[in-house]
Amino acid sequence: MNSRPKRRPRYKGKNPRHFSEKYKEHAPDHYADEVAKVAGRGQTPAGTHRPIMLREVMDFLSPLPGKFAIDCTLGYGGHAEALLAALQPGGRLLGIDVDPIELPRTEARLRALGFGADTLTVRRTNYAGLAKVLSEPADIVLADLGLSSMQIDNPERGFTFKFDGPLDLRMNPSRGQPASELLSTLDERELATLLAENADEPRAEKFAAAMKQTSISTTRQLANVIHSGGGDDDSIRRVFQALRIQVNDEFGALDAFLRNLPSCLKEGGRVAILTFHSGEDRRVKKAFQIGKRSGVYLEVARDVIRASPEEIRANPRSRSAKLRWAIRAGSLS
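Residues numbered from 1 in each chain as written. Predicted model: local features only at pLDDT ≥ 70, side-chain atom pairs only at ≥ 80, totals over all residues. Heavy atoms only, no water.

(A) Main features of the overall build of the protein chain. Across its full length, the protein chain holds 14 helices and eight strands. Across the 333 residues of the protein chain, 50% fall into the buried class. Sequence-distant contacts in the protein chain: of pairs separated by 6 or more residues, those separated by 24 or more amount to 70%. Accessible surface computed for the protein chain: about 17,100 Å², of which carbon and sulfur atoms make up 48%. (Helix = DSSP H or I, 4+ residues; strand = E, 2+ residues; numbered from the N terminus. Buried < 20%, exposed > 50% of the residue type's maximum accessible area, 1.4 Å probe, protein only. Contact = heavy atoms within 4.5 Å. Areas by Shrake-Rupley, 256 points an atom, 1.4 Å probe, with all protein chains shown as cover.)

(B) Spotlight on the side chain of Asp97. Within the fold, Asp97 resides in strand E2 (residues 92-97). For Asp97, the side chain forms a polar contact with the main-chain nitrogen of Asp99, separated by 3.0 Å. In this structure, Asp97 is in contact with Thr73, Leu74, Gly75, Leu103, Arg123, Arg124 and Thr125, ignoring residues within four places of it in sequence. (Polar contact = N/O pair within 3.5 Å; in protein donor to acceptor, adjacent residues only side chain to side chain.)

(C) How the structure looks around the pairing of strand E3 (residues 120-124). Across five bridges, E2 lies against E3 in parallel orientation. Directly across from Asp97, in E3, lies its bridge partner Arg124. (Pairing = 2+ DSSP bridges.)

(D) How the structure looks around the pattern of salt bridges. For the structure on display, the rule yields 16 salt bridges. Its salt-bridge partner being Glu201, residue Arg238 comes within 2.7 Å of it at the nearest N-O pair. Within this pair, whereas Arg238 is found in helix H11 (residues 233-247), its partner Glu201 is found in the loop between helix H8 (188-199) and helix H9 (204-211), the two being separated by 37 residues in sequence. For Glu201, a relative accessible area of 4% gives the class buried. Of the charged contacts in the structure, one is a salt bridge between Asp281 and Arg324, with a shortest N-O distance of 2.6 Å. (Salt bridge = Lys/Arg side-chain N within 4 Å of Asp/Glu carboxyl O.)

(E) View of the packing of helix H2 (residues 54-61) against helix H3 (residues 78-87). Running from N to C, H2 and H3 cross one another at 40°; their axes reach a closest spacing of 11 Å. Classed by the angle they form, the pair H2 and H3 counts as oblique. The chirality of how H2 crosses H3 is right-handed. Residue-level inspection shows Leu54, Val57, Met58 and Leu61 of H2 in contact with H3, the latter providing Gly78, His79, Ala82, Leu83 and Ala86. (Axes fitted to C-alpha atoms, helices over the stretch in contact; angles between N-to-C directions. Parallel < 35°, antiparallel > 145°, perpendicular 65-115°, else oblique. Left-handed = near helix turned anticlockwise from the far one by under 90°.)

(F) Main features of the packing of helix H12 (residues 250-260) against helix H13 (residues 278-294). Where H12 contacts H13, the two axes come as close as 11 Å, and the packing angle between them is 15°. Between H12 and H13, the crossing angle belongs to the class labelled roughly parallel. Helix-helix and strand crossings are classified by hand; for H12 and H13 the assignment is right-handed. In this structure, H12 uses Glu250, Phe251, Leu254, Asp255 and Leu258 to contact H13, whose residues at the interface are Gly279, Glu280, Arg283, Val284 and Ala287. Along the lines of polarity and charge, the residues of the contact of H12 with H13 split into five nonpolar, one polar and four charged. (Nonpolar A, V, L, I, M, F, W, Y, C, P; charged D, E, K, R; others polar.)

(G) Local environment of the environment of Ala128. Within the element layout of this structure, Ala128 appears in the loop between E3 and helix H5 (130-133). Separated by 122 residues in the primary sequence, Ala128 and Glu250 have C-alpha atoms spaced 9.3 Å apart. Excluding residues that lie within four positions of it along the chain, Ala128 makes contacts with Ala253, Ala256, Phe257 and Asn260.

(H) Quick peek at unusual backbone geometry. Cis geometry is found at the peptide bond from Gln88 to Pro89, where omega equals 0°. Relative to the assigned elements, Pro89 resides in the loop between H3 and E2. With a phi close to 55°, Asp200 is a non-glycine residue in the positive phi region. With respect to the helices and strands, the residue Asp200 is situated in the loop between H8 and H9.

It is worth stressing that arrangement in space is one thing and function is another; only the former is reported here.
Structure follows, in structure tokens:
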């Protein structure tokens, strides 16, 4: 007896709202027109990510056939795909990422585009340890420090407060402690300091006091506490950012990466870094300026580069992006 195919779960209303309900967006090969409609509205289809400032990144990095490039934060692979195409024939790209959930999907996507093992190498590791996985310096290094849309939009990852989910915020869910556990280990003063230092939150003390008055285990619970304390959506984003940075030791990873970066670049090699908040940008700017003064870098960006008005309209998540670059000088002694 043949069993009937299982029906997909119904959702409330005319259009799907929850990440898991957007089955058409999760299958772009079968529903290309639907995905195009979503993108045309300035939204990012569920399960995908638009590379930020792709034209500006490619213009500076100027990849050439036969060169060796590194994408330190592979994400969805948008920047990597463009780099790989420009590096052919004969070029290679090393793509690394710490996310064990998205990395296999991105590798499969790039392999399906024809990039084999002779062209693309993928490693799951934190970019802080880039120097340890390299056998030779690179012509090009790219680091996009923003969250991928796939991470932001999936409530199970805990990066969004649009829908309720566990307050996790870990890039690698199998390592470290989730944000909910971190909150239980901090006292009010420590939490206020964290909010101020990691996100420049002006009401850090007030929000820290409110957060320590109740048990918080989900994203919506945290959002409600901040709202009740007089905060708006921007306040919630800053609080989430501060916790995420701490959970993943993002500043420590960035500092280690910047410290080891010159040894990962060939003479004349180029590096481009996309940041998304002031704490990251300050570190990159300072490291490049110090490197320029000490002769490590031949040239660095004088001014930060931002997304064009056209890109911001098409992809609002590019609004906070800042691009800085540097060119490696001669041999290091």
